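Each chain, written out:
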Amino acid sequence: MKKNILLIHTGGTISMQMNTQTGGVILSPANPLSLEIDKIQQFANITEFEVFNLPSPHVTPEKMNHLKNVLLNHTENTTFDGIVITHGTDTLEETAYFLELSTNLSIPVVITGAMRSSNEIGADGVYNLMSAVRVAASEEAVDKGVLVVLNDEIHTATNVTKTHSSSVATFQSPQYGPIGIVTKSAIHFHHAPITRFHYPVKHIDKKVAMFKIYAGMESDLLHSIINLGYHGVVLEGLGQGNVPPAMIPGIQNLLDVNIPVILVSRCFNGIAQDIYAYEGGGKMLKDLGVRFEHGLSGQKARLKLLLELCAIN
Ligand code: ASP
């Protein structure tokens, strides 16, 4: 029997068109994907819905929270077997991880996008949408958390990242790889997530800053975030999790006023650890009270801290 899938559009290139005169890619008033729904209906009964129509650099945590509320409302009173969300690829991984942390659904939630707009040669939108619907309708996708499906690969929201500015093979999970693949005839999962976190949030009423650490960085930017009213900060540290010594007063200052400081590595493979005991080294940072977030990118660690701070107690 065909599954019932809720298809939610949020914008992005997958819903855009190229202006053939100027070559610029623009928002399309009528979603070009809706014209292709007949091709997708063979895999599932689709109910379509547009939450917003935005380029994904315009998507904020507040918008993600709105999307989360729509998701929860629709799954509470209805009997959808799965959800597919179309989204711009620039911040797709962040919306996916936001939903991973803030919803706790066992039905599949699959996010997809496209690197080429609907009327470009080699447009990948309809194909990715079809793959996402097939994954969302698959029994094996149940209880796997929020998934990202593009280019025949299935990734977890936790590990996936956009690795190339224009290639259709842009979404990868460095160090971990995809957890499944989409073939012409089947959906194959070969891994499953072990650990999942859940932060029930109502409102986004906190601010978390993030800095990529660079050689010679000082404390001034860290000092400034106290006055700017930030509630937490994520540092993408050097190597295994180290910072220049001139940042120590700034870090100490934040910890003194109970602003959590989270450390990840700016390397996209490996994890931040408390190894080096020199001034600014990971061991010293740990002793000061810096928290290590193992294996997350800076942008994911930032969302995790934001949701932790906003979570309903
Ligand atoms: N800039 C676009 C966006 O994220 C890129 C895309 O969707 O592929 O909205």
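Note: the structure precedes this text.
Every value quoted in this text rests on a predicted model; they were computed, and no experiment measured them.

Participant: Give a detailed account of the overall build of the chain, specifying residues and quantitative values.
Facilitator: Across its full length, the chain carries eight helices and 16 strands. In terms of principal-axis extent, the alpha carbons of the chain reach across some 60 × 45 × 35 Å. Within the chain, buried positions represent 50% of all 313 residues. Surface summary for the chain: the accessible area is close to 14,100 Å², and the carbon and sulfur share equals 53%. Each charge class in the chain can be summarised by its mean position, and for the 22 positive and 28 negative side chains these summaries are 2 Å apart.

Participant: Lay out the sheet that holds strand β16 (residues 291-292) in plain terms, naming residues and giving numbers.
Facilitator: With respect to topology, four strands assemble into an open sheet ordered β13-β14-β15-β16, the strand pairing being parallel. In this open sheet, the two strands that pair with only one neighbour each are β13 (208-212) and β16. Alignment of β13 against strand β14 (residues 232-237), held across five bridges, turns out to be parallel. Bridge pairing in β14 places V208 opposite G232. Packing against the sheet, helix α5 (residues 220-227) makes contact with β13 and β14, and its axis sits at approximately 170 degrees to β13.

Participant: Hey, could you go over the pattern of salt bridges for me, with residue numbers and the actual values?
Facilitator: What the rule picks out here adds up to nine salt bridges. Across the pair R291 and E308 runs a salt bridge whose closest N-O atoms are separated by 2.9 Å. Placement of R291 in strand β16 and of E308 in helix α8 (residues 298-310) is noted, with a sequence separation of 17 residues between them.

Participant: Now, about the packing of aromatic side chains: what can you tell me, with residues and values included?
Facilitator: Ring pairs (aromatic) are described by centroid distance and by the angle formed between their planes. Inspection of the entire model under this criterion finds one aromatic pair. For the pair Y276 and Y278, a centre-to-centre distance of 5.3 Å together with 40 degrees between the ring planes defines the contact as tilted. Across from the ring centre of F189, 4.8 Å away, lies the NZ or CZ of K144, which sits over that ring. The aromatic ring of F197 is capped on one face by K304, whose charged end is 3.8 Å from the ring centroid.

Participant: Explain the pairing of strand β15 (residues 261-265) residue by residue, including any values.
Facilitator: The buried fraction of β15 amounts to five of the five residues, a majority that puts the element mostly inside the structure. Of the two faces of β15, the one carrying V261, L263 and S265 and the one carrying I262 and V264 are both buried. Across five bridges, the pairing between β14 and β15 is parallel. The partner of V234 across the bridge, within β15, is I262.

Participant: If you had to explain the pairing of strand β5 (residues 82-86) to someone new, which residues and values would you point to?
Facilitator: Along β5, five of the five residues are buried, which leaves the element largely enclosed by surrounding structure. Pairing analysis gives four bridges linking β5 to strand β6 (residues 109-112), with the strands arranged parallel. Note on β6: the bridge partner recorded for T86 is T112. For the handedness criterion, the β-α-β arrangement of β5, helix α3 (residues 92-102) and β6 is classed as right-handed.

Participant: Can you tell me about the environment of T163, naming the residues and giving the values?
Facilitator: One can find T163 in the loop between β9 (161-162) and β10 (171-172). What makes T163 partly exposed here is its relative accessible area of 38%. Between the alpha carbons of T163 and S173 there is a distance of 8.9 Å; along the sequence they are 10 residues apart. Discounting residues that sit within four places of it in the chain, T163 has contacts with A169, T170 and Q172.

Participant: Please set out the sheet that holds strand β7 (residues 146-150) residue by residue, giving values where relevant.
Facilitator: As summarised here, the arrangement of the eight strands in space is β4-β1-β5-β6-β7-β8-β11-β12, forming an open sheet in which the pairing is mixed. At either end of the open sheet lies a strand with only one pairing partner, and these are β4 (45-54) and β12 (187-189). Pairs of neighbouring strands in the sheet enclose a mean axial angle of 25 degrees, with direction left out of account. α3 rests against β5, β6 and β7 of the sheet, and its axis sits at about 155 degrees to β7. Along the sheet face, helix α4 (residues 125-136) touches β1 (4-11), β4, β5, β6, β7, β8 (153-156), β11 (180-182) and β12 and points at about 160 degrees away from the line of β5.

Participant: Provide a residue-level description of the packing of α3 against α8, including the pertinent values.
Facilitator: With their axes 10 Å apart at the nearest point, α3 and α8 run at an angle of 35 degrees to one another. Between α3 and α8 lies a crossing whose hand is right-handed. The residues of α8 that touch α3, namely those facing E93, E94, Y97, F98, L101 and S102, are Q299, K300, L303, K304 and L307. Residues that form the contact of α3 with α8 fall into these classes: five nonpolar, two polar and four charged.

Participant: Can you tell me about the packing of α5 against helix α6 (residues 248-256), naming the residues and giving the values?
Facilitator: Put simply, α5 and α6 touch, their axes get as near as 7 Å, and they point 20 degrees apart. The angle between the axes of α5 and α6 places the two elements in the roughly parallel class. Seen from above, α5 lies across α6 with left-handed handedness. Of the residues in α6, those in contact with L222, H223, I225 and I226 of α5 are P249, G250, I251, N253 and L254.

Reading the values: the criteria
Residues numbered from 1 in each chain as written. Predicted model: local features only at pLDDT ≥ 70, side-chain atom pairs only at ≥ 80, totals over all residues. Heavy atoms only, no water. Helix = DSSP H or I, 4+ residues; strand = E, 2+ residues; numbered from the N terminus. Buried < 20%, exposed > 50% of the residue type's maximum accessible area, 1.4 Å probe, protein only. Areas by Shrake-Rupley, 256 points an atom, 1.4 Å probe, with all protein chains shown as cover. Lys, Arg positive; Asp, Glu negative; His and termini not counted. Charge placed at Lys NZ, Arg CZ, Asp CG, Glu CD. Pairing = 2+ DSSP bridges. Contact = heavy atoms within 4.5 Å. Axes fitted to C-alpha atoms, helices over the stretch in contact; angles between N-to-C directions. Salt bridge = Lys/Arg side-chain N within 4 Å of Asp/Glu carboxyl O. Phe/Tyr/Trp six-rings, centres within 6.5 Å; stacked < 30°, edge-to-face > 60°. Lys NZ or Arg CZ within 6 Å of the ring centre and 35° of its normal. Right-handed = clockwise from strand over helix to strand, strands pointing away. Left-handed = near helix turned anticlockwise from the far one by under 90°. Nonpolar A, V, L, I, M, F, W, Y, C, P; charged D, E, K, R; others polar. Parallel < 35°, antiparallel > 145°, perpendicular 65-115°, else oblique.

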